[in-house]
Every structure is written in structure tokens, then in C-alpha cells.
Amino acid sequence: MAGNGRTVRDLRRANRTAVLQRLYFDGPLSRFELGPATGLSSGSVSNVVADLIADGLVEEAGSVDSDGGRPRTLLRVAPASGHMIGVDVGETRVRVELFDLALTELARTERPLEQQRYEVEVIVDHIRSGIDEVLAAADLPPERLLGVGIGVPGIVEHTADRGAVVHGQTIGWDAVPLESLLRDGSPLPDGVPYFIDNGARTLGQAEMWFGAGRGAGNALVVLFGSGVGACLVTPEVRHGRAVEWGHLTVRVRGRRCRCGALGCLEAYAGAESLLARWREEGGRVPQDTDEETALTAMLAAAYPVDGADADPVALAVLEETAEYLGAGLSDLINLFQPERILMGGWAGLQLGSRFLPAVRRHALSYALRHPAERVTIELGKLGPDAVTVGAAILPLADFFDRGGRRPEPDPAVPAPAWRTALKDRVPR
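A brief structural summary. All values reported here derive from a predicted model rather than from experimental measurement.

1. Some points on the state of the cysteines
By the definition in use, this model includes 0 disulfides. Just so you know, Cys257 is unpaired, no disulfide at all, and the nearest cysteine sulfur is the one on Cys259, 3.7 Å from it. Judged by relative accessible area, which is 5%, Cys257 ranks as buried. Not part of a disulfide, Cys264 finds its nearest cysteine sulfur in Cys259, a span of 3.8 Å.

Structure (C-alpha cells):
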């Protein structure tokens with residue numbers, strides 16, 4: 001037994017995790033550099049590296065000259081030593097992507113959702129068939145997967161008997177046992193776990209690990225799509241926590257939200273409500289098309305690039321939406337005093353730089369002066385794939401937490417027992 005009640009096995013796992021993470025985020029590194037980077041002794045580094053090389057997780061990546069000595073061998077995490085699938089159950093489609101350990105995309109597929117219909121059986125079938133398709137495209141045996149991460153709309157509850165259960169009021173999901181449904185008839189072996197979480201949180205985790213949030217200890221990542229949501233990352237909740245920001249009340253006795261309540265931010269600031277308000281005011285909203293195409297048309301009408309006159313109705317609705325979003329962000333600024341606010345999601349990225357200055361101006365005007373002076377509000381950097389990348393991070397983080405060991409299911413333990421929440425794994 002080691003100190004603090006930890007076993008020797010626990011210490012080995014922690015040492016492996018430390019080396020893997022530093023090589024992953026800061027590599028390639030030499031053994032000499034790994035010592036100060038991880039806080040481990042040179043002997044411990046040598047032993048851990050030898051184990052990881054023997055397991056095929058770490059490989060040599062060239063060498064660098066040292067001061068007066070032999071060249072130092074550089075090491076990196078071997079990209080082909082693990083694979084993950086990320087799934088985005090979005091508002092217009094289900095996107096499935098296969099990644100290697102370096103999060104290089106190997107294959108992808110998309111399944112459109114007709115009229116934003118979220119029938120549980122349809123979504124489950126899309127996920128299953130999408131997994132089959134990307135594995136076949138990459139000619140990858142399913143047992144090679146570290147896991148499947150899935151970002152979904154709604155609140156995700158992890159239960160002992162049914163695994164991940166989704167409460168998605170805005171999409172008509174009432175305690176849907178998504179993990180159990182996926183596991184029944186799954187194309188994957190029992191040893192490959194599913195990790196299911198809120199889509200805003202997976203977006204936030206991706207931006208914090210690899211995007212515009214890297215290096216920030218206190219940030220909010222906003223998902224602006226058909227609806228709106230947010231992920232909060234603070235020193236107290238560094239793994240990120242989904243915030244049902246879209247259902248903050250911004251107007252008493254206001255518009256009815258798709259959740260059923262009156263006056264929610266989402267009833268004014270989501271793309272669905274934005275287009276509905278344009279239509280109600282007499283705007284020429286394209287018929288028989290998806291929200292992304294309709295929003296593109298609205299932007300073109302409000303901000304013409306060919307010298308034509310702007311559509312005053314479209315412009316007025318967008319300007320009002322920017323003020324509602326800004327007012328909603330001011331509440332987050334006052335409550336959490338973040339260093340950064342990042343806006344992502346397909347609608348946020350589509351509106352982009354034309355829309356953000358107005359949102360920023362309103363947010364800072366409504367917020368308290370002290371926290372407003374210390375926050376930056378920018379677009380996310382990872383684009384439309386951020387949710388799938390963040391979903392793939394869920395099994396990757398679990399893999400790191402295990403010291404690079406794959407999950408080993410115990411027949412006596414229900415599958416949900418090996419689903420772990422994302423730990424404190426934000427890179428330095």
C-alpha cells in the first residue's frame with residue numbers, strides 16, 4: 001500500500017496518465033523533458049515510458065541535439081494505438097465520426113433529420129448504422145474502439161440500472177434510456193463503452209482542450225443552434241457542467257418556448273424562434289427547406305453583399321436577437337465572472353463575425369462593469385465538428401484516466417458501473 005491509501009497499482013496508473021497526457025498535449029518530448037513536465041523522477045519516467053512503448057501507446061518521433069551529449073530521442077503518443085467515435089445528435093442531423101488517438105478524422109457519415117423529428121427509434125437506428133458505416137469505411141474492427149461518445153440535447157442522468165438516461169423536454173424525450181437502447185442489439189462488443197452527455201458540454205470540452213478556450217481556467221462555451229445552451233468551466237468544475245441557459249426567463253409572459261414555458265431566452269434567441277419571428281413579421285422565409293438553409297437566406301437578406309437594399313424585417317429581427325443574446329450573456333457574466341465566453345454551434349458560426357459585435361456590445365452594456373471589463377467574447381475555433389470532437393474526448397479522457405488501459409467489463413458488474421464522468425483533464 002502506498003501513501004494516502006493508494007495502492008502501487010494506483011500510483012502506476014497515475015504515473016502512466018501523467019506521461020500520456022503531457023506527451024499528448026505538449027509532445028513530442030524527450031525523457032529528459034518529461035521529468036519536470038510531470039514531476040516524476042528520471043527513473044520513474046524511464047519505467048513508465050518503457051511500459052507505454054511495450055503497450056504500443058508511445059513511439060519515437062525523431063531526436064534533438066542535447067548540450068554536449070548524445071541526441072535525445074523524442075517521444076509521442078502513437079496515433080494508431082486507439083480509436084474513438086464521436087456522435088452529435090444535432091438539430092438537423094446525426095453526425096458520426098471516427099477518430100484515431102490524435103483525433104484525426106478517419107471516417108464520417110451524416111443522417112439528416114426530417115423536420116427535426118426526434119423519434120427515439122430513429123435516432124438509435126441512425127447512431128447504430130452510422131457506427132457500422134464509419135467502422136466499415138476505415139476497415140476497423142469494433143473491438144479496437146476505446147468507446148463511443150455521444151452528445152445529445154437535454155439533461156443526461158447517469159443511473160445504476162439503465163446507464164445514461166436523457167431528459168430532453170424540448171425534443172419530447174422523457175427519461176429516455178438511450179444507453180440501454182443502444183446496447184440492445186449494439187454492433188459493438190460489450191467491452192466497448194458508450195459515454196453520453198449533453199451536447200453543449202461536449203462542445204465546451206472540445207473548445208477547452210483544443211480550441212479557443214485552451215489555457216483559460218474560467219470560461220463559458222455557448223452552443224447557439226436551433227436552441228441555445230452553455231457549458232460552464234471553472235476551477236471548481238474544471239470538467240465542465242452543462243447549463244440550461246436557454247431556459248432562463250428573459251421576458252415575463254413572453255413568447256412560448258418549445259419547452260412549454262413562457263419567456264425563455266430560447267424562445268427569442270434560438271435559430272428556430274429567430275426564423276419564426278421573421279416569418280411572423282412578414283419575412284420571406286424559404287419554404288420546404290432546413291433551418292440552416294433558411295438562416296443562410298435570412299443573413300443574405302439582412303446583410304446583402306451585392307449592393308442591394310437590406311431586408312429591414314430580417315435586419316430588425318437579427319438585431320433584436322443579438323440584444324436578447326447579449327442580455328442572456330450578461331447574466332452569465334454577472335453570475336460566473338468568466339475570463340472568456342466562446343460562441344459555437346452551427347447557427348453561431350453561421351451568423352459569425354457579422355453578428356458577434358452586436359452581441360458583445362449588448363452583453364457588456366447589460367453586465368456589471370467590473371466582470372464585464374475582464375471578459376472576452378469570441379467565436380469558437382473548432383467549427384461545426386466541435387460537438388463530435390468533444391464527444392470523442394469522453395472515451396479519450398476515460399482512457400487517460402485509466403493510464404492507457406482499456407475498460408475490462410466484469411460480468412458481475414452492470415455496464416453503467418464502468419461509465420465514468422469526465423475527470424479534471426483540461427490541458428495546461
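2. Let's talk about the packing of helix H1 (residues 8–26) against helix H2 (residues 31–38)
Taken N-terminus to C-terminus, the directions of H1 and H2 make an angle of 110°; their axes are 10 Å apart at the nearest point. On the basis of the axis angle, H1 is roughly perpendicular to H2. Along this stretch, H1 crosses H2, giving a crossing that reads as right-handed. Between H1 and H2, the residues in contact are Ala18, Val19, Arg22 and Leu23 and Leu34, Ala37 and Thr38, respectively.

3. Re the nonpolar core
Counting residues in each nonpolar core, the largest one holds 50 residues, and the members touching the most others are Trp245, Met298, Leu318, Leu329 and Phe355. Looking at this core element by element, the count peaks at 9 residues for helix H10 (residues 312–336). Excluding its chain neighbours within four sequence positions, the residues that come into contact with Phe355 are Phe224, Leu318, Thr321, Ala322, Leu325 and Met343.

4. Thoughts on the environment of Gly211
With respect to the secondary-structure elements, Gly211 resides in the loop between helix H6 (199–210) and strand S12 (219–224). On the accessibility criterion, Gly211 (11% relative accessible area) is buried. Sequence separation of Gly211 and Gly404 is 193 residues, and the distance between their C-alpha atoms is 24 Å. Leave out the neighbours within four places in its chain, and Gly211 touches Ala206, Lys381 and Leu382.

5. Thoughts on the sheet that holds strand S3 (residues 72–77)
Reading across from one edge, S1-S3-S2 is the order of the 3 strands in this open sheet, with antiparallel pairing throughout. The open sheet is flanked by strand S1 (29–30) and strand S2 (58–64), the only strands paired with a single partner. Where S1 and S3 come together, 2 bridges link them in antiparallel fashion. What sits directly across from Ser30, in S3, is Leu74.

6. Section: the packing of H2 against helix H3 (residues 42–54)
Running from amino to carboxyl end, H2 crosses H3 at an angle of 110°, the nearest separation of the two axes being 10 Å. In terms of orientation, H2 and H3 fall into the roughly perpendicular class. H3 is crossed by H2, and the crossing has right-handed handedness. Residues Arg31, Leu34, Gly35 and Thr38 of H2 form the contact with H3, whose participating residues are Val45, Val49 and Ile53. The class makeup of the residues in the contact of H2 with H3 is 4 nonpolar, 2 polar and 1 charged.

7. Some words on the pairing of strand S5 (residues 93–100)
With 7 of 8 residues buried, S5 lies mostly within the body of the structure. With 7 bridges joining them, strand S4 (residues 83–89) and S5 adopt antiparallel strand pairing. Its bridge partner being in S5, Asp88 is matched across the sheet by Arg95. Sheet topology note: the S5/strand S6 (residues 105–112) ladder contains 7 bridges and is antiparallel. Among the inter-strand pairings, Arg93 is bridged to a residue of S6, identified as Pro112. Here S5 folds back onto S6, and the loop between the two strands holds 4 residues, one of which, Leu103, carries a positive phi near 60°.

8. A few points about the pattern of salt bridges
Evaluation of the coordinates by the stated rule reveals 23 salt bridges. Here Arg95 and Glu110 are joined by a salt bridge, their closest N and O atoms 2.8 Å apart. Here Glu110 lies in strand S6 and Arg95 lies in strand S5, a separation of 15 residues in the sequence. Its relative accessible area of 32% is what places Glu110 among the partly exposed residues. Asp197 is the partner of Arg201 in a salt bridge, and the nearest nitrogen-oxygen pair spans 2.1 Å.

9. Section: unusual backbone geometry
With an omega of 0°, the peptide bond between Gly27 and Pro28 qualifies as cis. Mapped onto the elements of the fold, Pro28 is located in the loop between H1 and S1. Phi angles above zero are rare outside glycine, and Ala175 is one such case at about 55°.

10. Brief notes about H10
Taking 1.5 Å of rise per residue, the 25 residues of H10 would be expected to cover 36 Å, and the 36 Å separating its terminal C-alpha atoms lies within 8% of that figure. Measuring from the backbone nitrogen of Val313 back to the side-chain oxygen at the start of H10 gives 2.9 Å, which picks out Asp311 as the cap. Following H10 by one or two positions, Gln337 has its phi on the positive side, about 45°.

11. Concerning helix H9 (residues 291–302)
In this model, H9 (12 residues) spans 16 Å end to end at C-alpha, consistent with the 16 Å of a helix rising 1.5 Å per residue. Contacts from the buried residues of H9 go to S5, helix H8 (271–280), H10 and helix H11 (346–366). The N-terminus of H9 is capped by Asp290, whose side-chain oxygen sits 3.3 Å from the backbone nitrogen of Glu292.

12. Some points on the packing of aromatic side chains
In total, this model carries 8 aromatic pairs according to the counting rule given. Both rings, one in Tyr24 and one in Phe400, keep their centres 5.1 Å apart while their planes meet at 70°; by these two values the pair is edge-to-face. Separated by 376 residues along the polypeptide, Tyr24 in helix H1 and Phe400 in helix H13 (residues 386–401) bring together distant segments of the chain. Judged by its relative accessible area of 0%, Phe400 is buried.

Definitions and limits used
Residues numbered from 1 in each chain as written. Predicted model: local features only at pLDDT ≥ 70, side-chain atom pairs only at ≥ 80, totals over all residues. Heavy atoms only, no water. Disulfide = S-S within 2.5 Å. Buried < 20%, exposed > 50% of the residue type's maximum accessible area, 1.4 Å probe, protein only. Axes fitted to C-alpha atoms, helices over the stretch in contact; angles between N-to-C directions. Helix = DSSP H or I, 4+ residues; strand = E, 2+ residues; numbered from the N terminus. Parallel < 35°, antiparallel > 145°, perpendicular 65-115°, else oblique. Left-handed = near helix turned anticlockwise from the far one by under 90°. Contact = heavy atoms within 4.5 Å. Core = buried A, V, L, I, M, F, W, Y, C linked by side-chain atoms within 4.5 Å. Pairing = 2+ DSSP bridges. Nonpolar A, V, L, I, M, F, W, Y, C, P; charged D, E, K, R; others polar. Salt bridge = Lys/Arg side-chain N within 4 Å of Asp/Glu carboxyl O. Expected span 1.5 Å × (residues − 1). Polar contact = N/O pair within 3.5 Å; in protein donor to acceptor, adjacent residues only side chain to side chain. Phe/Tyr/Trp six-rings, centres within 6.5 Å; stacked < 30°, edge-to-face > 60°.

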